[in-house]
Amino acid sequence: MTTRMDDTIRSPAGGDPVRRYLAARGLDTRLAHFEGSEFVLGRRVEWGELELSYRFQDGVVFICSVESLRPPEGIGGAVKRLVELLLDIAHEVPEVKEIRGLVTDDAGDREQRIARVRLKQVLMAEGAIEVEYDGARWLSLKVRS
């Protein structure tokens, strides 16, 4: 039997600066694994009706996934809360230079596609741009150089 590393260990003083910021706001993070495997993507945090998985590397917050934990009270409200959290991280964590996420306009059900389009629109209104990295389209919000 393989023992999985305990991902419930809380260490607010350790980890990446985004994790420390979230811990200071009372939000615990856990390890985020790729589709139930042992491969660690980064960290995940449950926040309201959303679960956000991210990785912090070289000043960039990579958004790995955003999932609804229960039916939202409205797509607009969930998107607004997510954007507020991302912008708070961008402005309050000096080590963050960029927030980046893959552009996936055509994946998921209708509600997920609508939420992604809305999220993209709101982030672009905040200054995000589409860029290509390694042959894929990413949305990039640069906050510092």
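Note that the structure is a prediction, hence the values are computed from the model and not measured. (Residues numbered from 1 in each chain as written. Predicted model: local features only at pLDDT ≥ 70, side-chain atom pairs only at ≥ 80, totals over all residues. Heavy atoms only, no water.)

Mapped onto the secondary structure, Arg43 falls in strand β2 (residues 40-47). Classification of Arg43 by relative accessible area gives buried; the value is 11%. Between the C-alpha atom of Arg43 and that of Phe56, which follows or precedes it by 13 residues, the distance is 8.6 Å. At 3.0 Å, the side chain of Arg43 and the backbone oxygen of Thr29 are in polar contact. (Helix = DSSP H or I, 4+ residues; strand = E, 2+ residues; numbered from the N terminus. Buried < 20%, exposed > 50% of the residue type's maximum accessible area, 1.4 Å probe, protein only. Polar contact = N/O pair within 3.5 Å; in protein donor to acceptor, adjacent residues only side chain to side chain.)

Opposite charge on two side chains permits them to pair, given that their charged atoms come into close proximity. Counting across every chain of the model gives six salt bridges. Residue Arg25 is joined to Asp88 by a salt bridge in which the shortest nitrogen-to-oxygen separation is 3.3 Å. Of this pair, Arg25 sits in the loop between α1 (17-24) and β1 (29-33) while Asp88 sits in helix α2 (residues 75-92), placing them 63 residues apart in sequence. The exposure class of Arg25 is partly exposed, given its relative accessible area of 38%. With its nearest N and O atoms 3.8 Å apart, the salt bridge here joins Glu98 to Lys142. Placement of Glu98 in strand β5 (residues 98-102) and of Lys142 in strand β7 (residues 136-142) is noted, with a sequence separation of 44 residues between them. For Glu98, a relative accessible area of 5% translates into the label buried. Residues participating in the shared-partner salt-bridge network are Glu98, Arg100 and Lys142. (Salt bridge = Lys/Arg side-chain N within 4 Å of Asp/Glu carboxyl O.)

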